[in-house]
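One-letter residues, chain by chain:
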Amino acid sequence: MKRIVILISGRGSNMQAIAERCADQRWPAQVVAVVANRPDAAGLAWAAARGIATAVVEHRAFATREAFDAALAEVIDGFAPDLVALAGFMRILGDDFVRRYEGRMLNTHPSLLPAFPGLHTHRRALEAGCQVVGATVHFVTPALDHGPIVMQGVVPVRPGDDEQALAERVLAVEHVIYPQSVRWFVEGRLRLEGARVHQLDGASQVLM
Ligand code: NHR
Ligand code: GAR
């Protein structure tokens, strides 16, 4: 059984989608812990109610990013993960942390990378007049939101959409592509080949 640790900062709907699919579809894996950088992350209660171990490493308690990263890594390593999945995790992680989990850390980002790395992606896509938007699951590398792409999901922009409407539509496609990507990882179907991901079967894009 592959051991999955999920990092969250808030609601945790992607965490929930992964944990539910993992159990329902009997992946050869288990979500062994959910770790948040904020004590008020709503997803913690859902995980705890489901019997998943939870932990909080509050970034505000640390003087430097390096000290936070080190404390976070210590907690994560206590769960001996095969995969670390960022799911709405809102802290940029330093090079040492990222290298420690190289090739076994995924993120879902709410844009069609390489467009709009960083924050406020929906606002920026609307300002740019994008007619389609989406989400990207990628391996995490030191360069923010630039790691090898595993899967992308595309949704239309509709007349009158505001940031919230786009965020909801994009979130729905994340709930499809992130569990699928994690499943491929735990089933050993993903191979990192330099800057690209080779995936052994199935389509790597979802058009909704
Ligand atoms: N770390 C590395 N090294 N590489 C990536 O690809 C990462 C990462 C950490 C998080 C998620 C990412 C996203 O999907 C992610 C990818 C937070 C910020 C950010 O600016 C940017 C991108 C992502 C997550 N965070 C602010 C910071 O100073 C804090 C913002 C806040 O707390 O609201 O860390 O978009
Ligand atoms: C998701 O849309 C995720 O891509 C995004 O936040 C949402 C988290 O929702 N992540 C970021 O913006 C990271 N900077 P969730 O907590 O319900 O999974």
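Relevant structure appears above.
Think of each chain on its own: its residues are numbered from 1, step by step along the sequence as written. Both sets of labels track the order of writing: A upward for chains, 1 upward for ligands. Owing to the predicted nature of the model, reporting of local features is limited to residues with pLDDT of at least 70; listing and counting of side-chain atom pairs is limited to 80 or more, with chain, interface and lining totals taken over all residues. For the side-chain quantities, the full set of heavy atoms in the structure was used; hydrogens and water were omitted.

1. Observations regarding the nonpolar core
Ile 6, Ile 8, Val 34, Val 150 and Val 182 are the most contacted members of the largest nonpolar core, which totals 42 residues. Think of it this way: any DSSP run of H or I at least four residues long counts as a helix, any run of E at least two long counts as a strand, and we number them from the N terminus. Put simply, the parts of the chain that give this core at least two residues each are β1 (2-8), α1 (13-24), β2 (29-36), α2 (43-49), β4 (83-86), β6 (132-139), β7 (149-156) and α6 (163-186). By residue number, the principal contributor to this core is α6, which donates 9 residues. Between two residues, a contact is recorded if the distance between any of their heavy atoms is within 4.5 Å. Discounting chain neighbours no more than four positions away, the residues touching Val 182 are Ile 4, Ile 18, Trp 27, Leu 83 and Leu 106. One finds Leu 7, Leu 72, Phe 79 and Val 84 within the second-largest nonpolar core, a separate group that totals 21 residues. The set of buried Ala, Val, Leu, Ile, Met, Phe, Trp, Tyr and Cys residues whose side-chain atoms join them within 4.5 Å is what this entry labels a nonpolar core. Burial status follows relative accessibility: with a 1.4 Å probe on protein chains alone, a residue under 20% of its type maximum counts as buried, one over 50% as exposed, and anything between as partly exposed.

2. Describing the side chain of Thr 108
Mapped onto the fold, Thr 108 is located in strand β5 (residues 105-109). A relative accessible area of 7% places Thr 108 in the buried class. Within 3.5 Å is the distance limit for a polar contact, defined as a pair of N or O atoms, with the added protein rule that one can donate a hydrogen and the other accept it, and that residues adjacent in sequence qualify only through two side-chain atoms. Of the polar contacts made by the side chain of Thr 108, one reaches the side chain of Glu 174; its length is 2.5 Å. Beyond its immediate stretch of four places on either side in the chain, Thr 108 contacts Asn 14, Leu 86, Thr 136, Val 137, Glu 174 and Tyr 178.

3. Some points on the pattern of salt bridges
A pairing counts as a salt bridge when a side-chain nitrogen of Lys or Arg comes within 4 Å of a carboxyl oxygen of Asp or Glu. Tallied over the full model, the rule gives 9 salt bridges. Among the ionic pairs, Asp 40 bridges to Arg 38, the shortest N-O distance being 3.2 Å. Given a relative accessible area of 53%, Asp 40 falls into the exposed group. A salt bridge links Arg 123 to Glu 163; its shortest N-O distance comes to 3.4 Å. Placement of Arg 123 in helix α5 (residues 121-127) and of Glu 163 in helix α6 is noted, with a sequence separation of 40 residues between them. Of the residues examined, Arg 123 reaches a relative accessible area of 36% and is grouped as partly exposed. For Glu 163, a relative accessible area of 35% gives the class partly exposed. Among the ionic contacts, a cluster of salt bridges with common partners joins Arg 183, Glu 187, Arg 189 and Asp 201.

4. Let's talk about the site of ligand 2
All residues adjacent to ligand 2 are Arg 11, Gly 12, Ser 13, Asn 14, Gly 88, Met 90, Thr 108, Pro 110, Leu 119, Leu 171 and Glu 174. At 3.3 Å from an oxygen atom of ligand 2 is found a main-chain nitrogen or oxygen belonging to Thr 108. Between Glu 174 and ligand 2, the recorded distance is 2.5 Å, taken from a side-chain N or O atom to an oxygen atom. The fraction of the free accessible surface of ligand 2 (450 Å²) that becomes covered by protein chains is 84%. Mapped onto the shell around ligand 2, the elements with two or more residues apiece are α1 and α6. Residues of the shell around ligand 2, tallied by class, amount to 4 nonpolar, 5 polar and 2 charged. Working definition: residue near molecule or strand if any one of its non-hydrogen atoms lies within 4 Å of it. With residues, only the protein chains shown are counted as cover, and all accessible areas are computed by Shrake-Rupley using a 1.4 Å probe. When residue character is reported, Ala, Val, Leu, Ile, Met, Phe, Trp, Tyr, Cys and Pro are called nonpolar, Asp, Glu, Lys and Arg charged, and the others, Gly included, polar.

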